[in-house]
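# Structure at a glance
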Amino acid sequence: MVELSGVLGVAMVALGMVLTPGPNMIYLVSRSITQGRRAGVVSLGGVAVGFLVYLLATNLGLSVVFLAVPELYVAVKLAGAAYLAYLAWNALRPGGVSVFAPEELPHDSSRKLFTMGLMTNLLNPKIAIMYLSLIPQFISLEAGNVLLQGFLLGSVQIAVALTVNLGIVLAAGAIAAFLARRPSWLRVQRYLMGTALGLLAVSVATDTSAPARA
């Protein structure tokens, strides 16, 4: 049986990470603003499947692969850090645009929206690190069935992430309209998001922890 402390710990970690700007948030917000809430919800469906892929892969042995080939784990983290640094630069560079600033983007089909949401999540370094290194820390060997604990704790993370992201999708248009009337706030939001992404990139790149056994 999963311990309550483990459930609460995973929930807090998941909440902190989903509220930190990253690829998922940027993609969901941009699609919700430019193509409407339905597009954001469809994209979120792809993100949800990405979570399930990580949940299954981690609990069925992906962490073992990274333990056996630590260089591969390091390569994945560095690639993710580079991607986050790229997103940070796009936000902070002169002439950068806030994620809440409406932009003209082509209207994609539901299939493409879903696929892009899936791929964005699968390539999200925050999610990879959370499943490979953080969630396993809350598994108790004394509590029995480690595999079941992994699935239950992963389900807690998914529930928290999807709830928060759905709220972001539904509110994105209203937030964009609010910030559009306040250009200075829009710039502040862009700098805050860019700084957060940059700090996260540095944190990921300098993290020396190894993936934990699930």
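Residues numbered from 1 in each chain as written. Predicted model: local features only at pLDDT ≥ 70, side-chain atom pairs only at ≥ 80, totals over all residues. Heavy atoms only, no water.

### A short note on the overall build of the chain
We count it as follows: The secondary structure listing takes helices from DSSP runs of H or I that are at least 4 residues long and strands from runs of E that are at least 2 residues long, numbered from the N terminus. A simple rule labels every residue: compare its accessible area, found with a 1.4 Å probe on the protein chains alone, to the largest value its type can have, and call it buried under 20%, exposed over 50%, or partly exposed in between. Contacts were defined at the residue level, with two residues in contact if any of their heavy atoms lie within 4.5 Å. Accessible areas in this description were obtained via Shrake-Rupley with a 1.4 Å probe; residue shielding takes into account the shown protein chains only.
Within the chain, the regular secondary structure consists of 8 helices and 0 strands. Reading the chain from its N end, one meets helices and strands in the order α-α-α-α-α-α-α-α. Among the 214 residues that make up the chain, the fraction classed as buried is 45%. Across the chain, the fraction of contacts at a sequence separation of at least 24, relative to all contacts at a separation of at least 6, is 86%. Carbon and sulfur atoms provide 71% of the accessible area of the chain, an area that totals close to 10,600 Å².

### Quick look at the side chain of Q157
Counting through the fold element by element, Q157 comes out in helix 7 (residues 146–180). Discounting chain neighbours no more than four positions away, the residues touching Q157 are V10, A14, F51, M130, Y131 and I135.

### A closer look at the environment of Q137
The residue Q137 is located in the loop between helix 6 (125–134) and helix 7 in this model. Expressed as a C-alpha distance, the spacing of Q137 and V10, which sit 127 residues apart in the sequence, is 9.2 Å.

### What about the packing of helix 2 (residues 23–35) against helix 5 (residues 110–122)?
Just so we agree on the cut-off: Note on geometry: axes are lines fitted to C-alpha atoms, helical ones only across the stretch in contact, with angles between N-to-C directions running from 0 to 180 degrees. Note on terminology: angles under 35 degrees are roughly parallel, angles over 145 are roughly antiparallel, angles of 65 to 115 are roughly perpendicular, and the others are oblique. In this scheme, a crossing is called left-handed if the near helix is turned counterclockwise away from the far one by less than a right angle; it is called right-handed if the turn is clockwise.
Orientation of helix 2 relative to helix 5, taken along the N-to-C sense of each, is 160°, at an axis distance of 9 Å. Between helix 2 and helix 5, the crossing angle belongs to the class labelled roughly antiparallel. Note that helix 2 runs across helix 5; the crossing there is right-handed. The residues of helix 5 that touch helix 2, namely those facing P23, N24, Y27, R31 and Q35, are K112, L113, M116, G117, T120 and N121.

### Digging into a nonpolar patch on the surface
For clarity, the threshold we go by: Two distance rules govern patches: like charges are joined within 9 Å, and nonpolar side chains (Val, Leu, Ile, Met, Phe, Trp, Tyr) within 5 Å, applied only to residues with over 30% relative accessible area and no salt bridge. Salt bridge, as applied in this entry: a Lys or Arg side-chain nitrogen positioned within 4 Å of an Asp or Glu carboxyl oxygen.
A cluster of nonpolar side chains, M12, L15 and L19, forms an exposed patch at the surface whose accessible area comes to about 300 Å². Mapped onto the fold, L19 is located in the loop between helix 1 (4–18) and helix 2. Overall, L19 belongs to the exposed group, its relative accessible area being 51%.

### Concerning the packing of aromatic side chains
Applicable threshold: By convention, a stacked pair of Phe, Tyr or Trp rings (six-membered ring in the case of Trp) has centres within 6.5 Å and planes under 30 degrees apart, an edge-to-face pair has planes over 60 apart, and any other such pair is tilted.
Tallied over the entire structure, the rule returns 1 aromatic pair. Between Y54 and Y131 the ring centres are 6.0 Å apart and the planes differ by 15°, which places this aromatic pair in the stacked class. Of this pair, Y54 sits in helix 3 (residues 37–68) while Y131 sits in helix 6, and the two are 77 residues apart along the sequence. One exposure class covers both Y54 and Y131, and it is buried.

### Concerning the nonpolar core
As a reminder, the rule being used: We call a set of buried Ala, Val, Leu, Ile, Met, Phe, Trp, Tyr and Cys residues a nonpolar core when their side-chain atoms join them within 4.5 Å.
Ranked by internal contacts, the top residues of the largest apolar core, which has 26 residues, are V29, F51, I127, Y131, I135 and L153. When residues of this core are traced back to their parent elements, those giving at least two are helix 1, helix 2, helix 3, helix 6 and helix 7. Here this core gets 7 residues from one element, more than from any other, and that element is helix 7. Excluding residues that lie within four positions of it along the chain, I127 makes contacts with N24, F51, Y54 and N121.

### What to know about the packing of helix 1 against helix 6
Counted only if it meets this: Note on residue categories: nonpolar means Ala, Val, Leu, Ile, Met, Phe, Trp, Tyr, Cys or Pro, charged means Asp, Glu, Lys or Arg, and polar means any other residue, Gly included.
For the pair helix 1 and helix 6, interaxial distance at closest approach is 11 Å and the crossing angle is 165°. What the angle tells us is that helix 1 and helix 6 run roughly antiparallel. Remark: the crossing between helix 1 and helix 6 carries right-handed chirality. Of the residues in helix 6, those in contact with V13, A14 and M17 of helix 1 are K126, M130 and L134. Residue classes in the contact of helix 1 with helix 6 are distributed as 5 nonpolar, no polar and 1 charged.

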